[in-house]
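Notes for the structure review
Single-letter residue listing:
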Amino acid sequence: MFKNNLFISHLVCIFLSVLLVYLLGYPQRFDRILLTYFSLIFFARFTFFRYLFGLLFIIAALYFPIGFYYGSPNVAVISAISETDIDEIQEFCTQLPFYCYLIPLILIIIFVIVFRKIKFPKIKNYYIIAVALLICLYRPIKAIIKYQPNTVTSVTSTILDNFKYPIFEFAIDLYESANIYLTEKQEQLNQIQKTNTIPIVSVDPKHKTYVIIIGESVRKDYMSAYGFKYDNTPFTKENASIIWDGLIAPASNTQSSIPHLISQSSYLDNDEVSAQLNNNIITIANDAGFETYWLSNQGKLGRMEITVPRITAYAKNIFYTKKGEYNGKSSRGKYDTLLLPQLDSLLSEKQDKPRLIVMHLIGSHPHFCKRLQFEPQFDLNNKNLSCYASSIKETDDFIKSAINILKKHNEDYSVVYFADHGLSHTEKYQDLRHNWEYQNSYQVPLIFFNSPQTDQIKINKRISGYQFVYLLSHWMGIKLNVQSDYMHYNLIDIPEQKDIQIKDWRNKLYPFDNLKKDPNPFND
């Protein structure tokens, strides 16, 4: 009776469609479910396709533990598969809850029974089918009209990007992610074959250990160290050696800004600027005889993570908390504090050479509440901004913990903290987002902590983030053969810079002074 019940067979197809989308790690969407449902009632009644669907659903069941943590196929999945060793596989498996083993097993048994025993329904009303398919094709057609691709390849790509059939999506995402992974790994290998070409004149570090802490998405006017009315940087306010008010980040997003902050920049004739990735603070430190470390809580590899990992690859010692996307499912619960045990561990090892340790934080990256390890500590009458102010407090706590670890190991240290870029208000001051059109997207903190602690100095001078690598080199006692104020003046004597330019979203240089202002409403 079960086999012949048309209603139940349709219900089974709908259930299978919803389940498949979930198992493959995709968000539930009407077109995904509908396309899967119609593919079942169209083809599953034929023996070949029934067994093919059965195999695909079994693969989906086996993918469930990966999809649960990493989502649909992405670079994180490919990276994890390619670079995970036996010990990491064992660790991953032991951390999986029991149901991640039980559910796939139960589902495989159910799928075998369903695709062998169930008689799949037929649809005879082709008008209903036509309407349903038109609904599913709405997004691809809309995308073609909007973007107007003019080649067969671009049309095909537009259709595939907007055609939400989970089986196709799974195969395409798997292929594209593998291609991105293999291509970028090769690019990294090619990049690290290039070495620093900036001549080093002399090396005379004043400290044994230098730490660069790169914050994320922090505009300085949301820090109490720069006048924010909520005390979210108490450690910095009391313990910083130098609080510099005036650093202008090169760009308003991470991948455009960091390479220019820590690499040499070359200016081109067409109002563009290029980062010479081989001439970065890591390669300079390597050539100067430093032991180099890069500890990152941002993604190792992903669709967006490209230039920074190429710089990271030059470090002699590298640690990532996550293998793939900075913001994927695998980033859940991975807070910046995971870098602290690594700092403690590496400082436990005796080292005759001076050290350069770079710590790249996820910090205050949108969405802010996801960055918090603890509950919001401030109430700005707005959830997003409360979380943002609290995320900066957690970064202040992180800096305090890192310096306490340095003190614990009796290190002679100098620490510099700066952010890659700021953010601008949106939605009538209800949120903050990346936006190149406002000065506040580029006004970032620059703070130094030294041992032994000295009287605090406050500097109010505007300086550019371009060629900032020279300032960092000078700070580390490395004299380079370049003509730059950053190299020829001591830190506190660097003159204020005029006519500072930034990079807009067309990768063109644009005068900073011509940008609009986005004042902090909490500093009135």
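None of these values were measured; they are calculated from a predicted model.

Rules behind the numbers
Residues numbered from 1 in each chain as written. Predicted model: local features only at pLDDT ≥ 70, side-chain atom pairs only at ≥ 80, totals over all residues. Heavy atoms only, no water. Helix = DSSP H or I, 4+ residues; strand = E, 2+ residues; numbered from the N terminus. Buried < 20%, exposed > 50% of the residue type's maximum accessible area, 1.4 Å probe, protein only. Contact = heavy atoms within 4.5 Å. Areas by Shrake-Rupley, 256 points an atom, 1.4 Å probe, with all protein chains shown as cover. Disulfide = S-S within 2.5 Å. 1 Å grid on protein atoms, 1.4 Å probe; cavity = no way out; pocket = protein on both sides within 12 Å on 5 of 7 lines; lining within 4 Å. Points joined across faces, edges and corners; volume = space filled by probe spheres on them. Nonpolar A, V, L, I, M, F, W, Y, C, P; charged D, E, K, R; others polar. Phe/Tyr/Trp six-rings, centres within 6.5 Å; stacked < 30°, edge-to-face > 60°. Patch = residues over 30% accessible without salt bridge, like charges linked within 9 Å, V, L, I, M, F, W, Y side chains within 5 Å. Salt bridge = Lys/Arg side-chain N within 4 Å of Asp/Glu carboxyl O. Lys, Arg positive; Asp, Glu negative; His and termini not counted. Charge placed at Lys NZ, Arg CZ, Asp CG, Glu CD. Pairing = 2+ DSSP bridges. Axes fitted to C-alpha atoms, helices over the stretch in contact; angles between N-to-C directions. Parallel < 35°, antiparallel > 145°, perpendicular 65-115°, else oblique.

**With respect to the overall build of the protein**
Each helix and strand in the protein was counted, giving 19 helices and 16 strands. Here the protein holds 524 residues, and 52% of them are scored as buried. Counting only contacts in the protein whose residues sit at least 6 apart along the sequence, the fraction spanning at least 24 positions is 75%. Summing over all exposed atoms, the protein offers an accessible surface of approximately 25000 Å²; the carbon and sulfur share of this is 56%.

**Observations concerning the state of the cysteines**
A covalent bond between the sulfur atoms of two cysteines is what we call a disulfide. Using the criterion set out here, one finds one disulfide in the structure. Each sulfur in the disulfide pair Cys369 and Cys387 lies 2.0 Å from the other. Taking the sign of the S-S torsion, 90 degrees for the link of Cys369 and Cys387, the bridge is right-handed. Placement of Cys369 in helix 16 (residues 368-371) and of Cys387 in helix 17 (residues 383-408) is noted, with a sequence separation of 18 residues between them.

**Quick look at empty space enclosed by the protein**
Taken as a whole and judged by the stated rule, the model has two cavities of 30 Å³ or more. Put simply, the largest cavity is a space of about 60 Å³. Those elements giving two or more residues to the lining of the largest cavity turn out to be strand 6 (291-296) and helix 14 (307-312). With three residues, helix 14 is the single largest residue contributor to the lining of the largest cavity. Grouping the amino acids of the lining of the largest cavity by side-chain chemistry returns four nonpolar, six polar and one charged. In this structure, the second largest cavity is lined by Met223, Thr233, Thr236, Ile392, Thr395, Asp396, Ile399, Tyr417 and Ile447. With four residues, helix 17 is the single largest residue contributor to the lining of the second largest cavity. For the lining of the second largest cavity, a count of residues per class yields five nonpolar, three polar and one charged.

**A closer look at the packing of aromatic side chains**
Taken as a whole and assessed by the stated rule, the structure comprises 26 aromatic pairs. For the ring pair Phe448 and Trp475, a centre distance of 6.3 Å and an interplane angle of 65 degrees mean the geometry is edge-to-face. Taken as a pair, Phe448 in strand 12 (residues 446-450) and Trp475 in helix 18 (residues 468-475) lie far apart in primary sequence, 27 residues in all. In this structure, Phe448 and Trp475 share a single accessibility class: buried.

**Comments concerning a positive patch on the surface**
Taken together, the side chains of Arg45, Lys119, Lys122 and Lys124 make up a positively charged region of the molecular surface. Lys124 sits in the exposed class, given a relative accessible area of 73%.

**Focus on the pairing of strand 12**
A large share of strand 12 lies buried, amounting to four of its five residues. Sheet analysis places strand 9 (residues 413-419) next to strand 12, joined by five bridges and oriented antiparallel. Across the sheet, the residue bridging to Val415 is Phe449, located in strand 12.

**Digging into the packing of helix 7 (residues 126-136) against helix 8 (residues 138-147)**
Packing of helix 7 against helix 8 brings their axes to within 4 Å, and their N-to-C directions diverge by 45 degrees. Classed by the angle they form, the pair helix 7 and helix 8 counts as oblique. Contacts from Leu134, Ile135 and Cys136 in helix 7 reach Tyr138, Arg139 and Pro140 in helix 8.

**Re the pattern of salt bridges**
Taken as a whole, this structure holds 16 salt bridges when the rule is applied. A salt bridge links Lys206 to Asp204; its shortest N-O distance comes to 3.4 Å. Asp397 is the salt-bridge partner of Lys393, the closest N and O atoms lying 2.8 Å from each other. Of this pair, Lys393 and Asp397 both sit in helix 17, four residues apart, which is roughly one turn of that helix. Classification of Lys393 by relative accessible area gives buried; the value is 13%. Using a relative accessible area of 28% as the deciding quantity, one classes Asp397 as partly exposed.

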